[in-house]
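Residue-level listing of the chains:
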Amino acid sequence: MLTFNYPFHSIGFIPHGHCYLWKAGLVWLHIISDATIALAYYSIPFLLIYFISQRKDVPFNGVFLLFGAFIIACGTGHLIEIWTLWHPDYWISGGLKALTAIISIYTAFALISLMPQALTLPSPAQLEAINRVLSTEIVERKRIEQELRQAEEVAKNSSEAKSEFLANMSHELRTPLNGILGYTQILQRTEALTEKGRKGVGVIYQCGSHLLTLINDVLDLSKIEARKLELHCVDFYLPAFIDSVIEICRIRAEQKVIAFYVQLDPDLPTGIHADEKRLRQVLINLLSNAIKFTHQGSVTFKVKVISQELNDHEKMTYKIRFEVIDTGTGITPEQVEKIFLPFEQVGNQKRQTEGTGLGLAISQQIVLLMGGQIQVQSEFGNGCTFWFEVQLSESKEWAKVSRVVEQGTIIGYEGPRRTILIADDKWENRSVIVNLLEPVGFTVVEASQGKEGWEQALAHKPDLIITDLVMPILDGFGFITRLRQSSPFKEISIIASSASVFATDQYKSIDVGADAFLPKPVEAETLLELLRQFLQLKWIFDGKADAIIKTDVDGMDNPVEMIYPANEVLQQLLELTQDGDIQIIIEMAQQLSASDEQLSTFAQQIMQLASNFQLKRLETFIVGIQESEFRGQNQ
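Residues numbered from 1 in each chain as written. Predicted model: local features only at pLDDT ≥ 70, side-chain atom pairs only at ≥ 80, totals over all residues. Heavy atoms only, no water.

### A look at the side chain of Thr300
Then comes step 1: Note on placement: Thr300 falls in strand 4 (residues 298-310).
Then comes step 2: Looking at Thr300, the relative accessible area reads 12%, which means it is buried.
Then comes step 3: Once residues within four sequence positions are removed from consideration, Thr300 is found in contact with Tyr261, Gln263, Glu323, Val324 and Ile325. (Helix = DSSP H or I, 4+ residues; strand = E, 2+ residues; numbered from the N terminus. Buried < 20%, exposed > 50% of the residue type's maximum accessible area, 1.4 Å probe, protein only. Contact = heavy atoms within 4.5 Å.)

### Some remarks on a nonpolar patch on the surface
Then comes step 1: A cluster of nonpolar residues, Leu127, Ile130, Leu134 and Ile138, forms a patch on the protein surface that exposes about 340 Å² of accessible area.
Then comes step 2: Looking at where Ile138 falls in the secondary structure, it is placed in helix 4 (residues 124-190).
Then comes step 3: Judged by relative accessible area, Ile138 falls into the partly exposed class, the value being 46%. (Patch = residues over 30% accessible without salt bridge, like charges linked within 9 Å, V, L, I, M, F, W, Y side chains within 5 Å. Areas by Shrake-Rupley, 256 points an atom, 1.4 Å probe, with all protein chains shown as cover. Salt bridge = Lys/Arg side-chain N within 4 Å of Asp/Glu carboxyl O.)

### Structural notes on the sheet that holds strand 12 (residues 493-498)
Backbone-to-backbone hydrogen bonds join strands into a sheet, with any given pair of strands oriented parallel or antiparallel.
Then comes step 1: If you walk across this open sheet you meet the five strands as 10-9-11-12-13, and the pairing is parallel. One side of each edge strand has no neighbouring strand; the edge strands of this open sheet are strand 10 (443-447) and strand 13 (516-519). Taking each pair of neighbouring strands and ignoring which way they run, the sheet shows an average axis angle of 20 degrees.
Then comes step 2: As paired strands, strand 9 (residues 419-423) and strand 11 (residues 464-468) are joined by four bridges and run parallel to one another. Within strand 11, the residue paired with Leu421 across the bridge is Ile465. (Pairing = 2+ DSSP bridges. Axes fitted to C-alpha atoms, helices over the stretch in contact; angles between N-to-C directions.)

### Side note on the nonpolar core
Then comes step 1: Membership of the largest hydrophobic core comes to 44 residues, with the highest contact counts inside it found for Phe301, Phe322, Phe386 and Phe388.
Then comes step 2: Where this core is concerned, the elements lending two or more residues are helix 6 (238-255), strand 3 (271-274), helix 7 (276-292), strand 4, strand 5 (316-326), helix 10 (359-369) and strand 7 (384-394).
Then comes step 3: Broken down by element, the residue count for this core peaks at eight residues, all from helix 7.
Then comes step 4: Discounting chain neighbours no more than four positions away, the residues touching Phe322 are Leu279, Leu283, Phe301, Lys302, Val303, Phe386, Trp387, Phe388, Val390 and Leu392.
Then comes step 5: Ranked by size, the runner-up nonpolar core spans 28 residues in total, among them Tyr413, Leu528, Leu530 and Phe541. (Core = buried A, V, L, I, M, F, W, Y, C linked by side-chain atoms within 4.5 Å.)

Rendered as structure tokens:
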């Protein structure tokens, strides 16, 4: 047997097995016992290391490592006991025991220092109590969350119910308004009325339009509260837009015999990209309020460029300030805090009855959507100043969408007679369409619901179909779907018409196959324009219309049959137009018409443009005549 010289070899000692007289049973008992203990000891540190790796949040990792080292040393000591049965390496055995003693003492001191922290750990009873509290809190939180969800659902249902109620009420109100406004347009277009009758019909139309505006205000407020109000930006011609706002408000100011001043920045862009309808709504509301509460003095409308810069798309962006100043009654500081709230009105009781108190609330929300805010400065008794600033990008494409043609009353169209099918369950709605289209030369076929409309379409093969959406038996959606699924009507033009204000109804009608949506009450111009587009029509205008010049933003085409006065008269009219002297222009036109019957058509056109305060069109009209005369002289 080979003998190795181990460090600290105990020369002269006998192996430990001699103590057991090498009795096999006793030797194996110690071998198995020590080996089993060592294996058990070694398994514990591995389990501790696994636990520490999985639970990094445990605060006693250092103690666990010390305890693991102590266990390993103890296990190794048992293996040395087996080794010394045959090899008397008692120095190694003693040294290992000394190392184990050091580790155990260090571990004990570590445990003593950690004992206060360990004692703060909750007991199982405390943990159980904490768990019960947490369980109670969780149950309570779930209950509260459930109640909040139910309250939110109730609020949502209430909001939807309110919106649906307003929409349904709007639908019911728009249906009779469709008849009122429709027949006023028919009377204005087709009947030879006396001056008193014409004014009466005009009053009816204005009152109906005002009622429609109030309905739209309430619906706008509902959309704002539901956060569904959106801006629809287009490119448009800013000077003409401002002129239209000025013309409307100047007339109102003249009716009250107050001055109306306009100050426009010469650096204003020609075309801009914005929501034309909403911006007009805000400006007319601010100006109308200023005129309403000003009994003497003036109202001033200012439009000024604050700054301009290039945006990320290399387009010029203008920061424009719109300002309305009046010398009216003014408002108190307490009223300033309330005027932008819905249904809040200021001023005396008589003035309050002239509106709903929604205008400023809606205008403020619209301006906020545009990125600005309406602000007000006022001293009670000394007038008010309202203003807001918005960023508007310049548009170079405004000319493509801003062409305006003044051609008078349509009396017919060129080409063969066209057949229009109107499907609507309300006879008054069908009657409006019939009386608008038959005098122009259309054959109009009526149907009271979708199924009847289908039968009439098969029988008459119409050129275009106008259908209501809400009808009995077969509604408009089903009617449109059936038409689109039938080969004879796949390509026919279909216009969906409804008093519904739900955008989903409008989108759905387009989705199922309608080519356009016509809101009720029906505007005659809108209806006729849709017919012109879909049927490729060329309108025939009455005799007076032939003498009216066609005006657009690109230039003028002068009708040859119009007789013009001398160039000196034209130049005098041009200077008066540039000075804005409306009254003298009208008087001069009347003198021209009285002095020479051949100039009556020209004078009538001058008076029409001047009476409507369309000074820019009047100036363009006169300049166009002068240029035409100049070209004629040089040919």
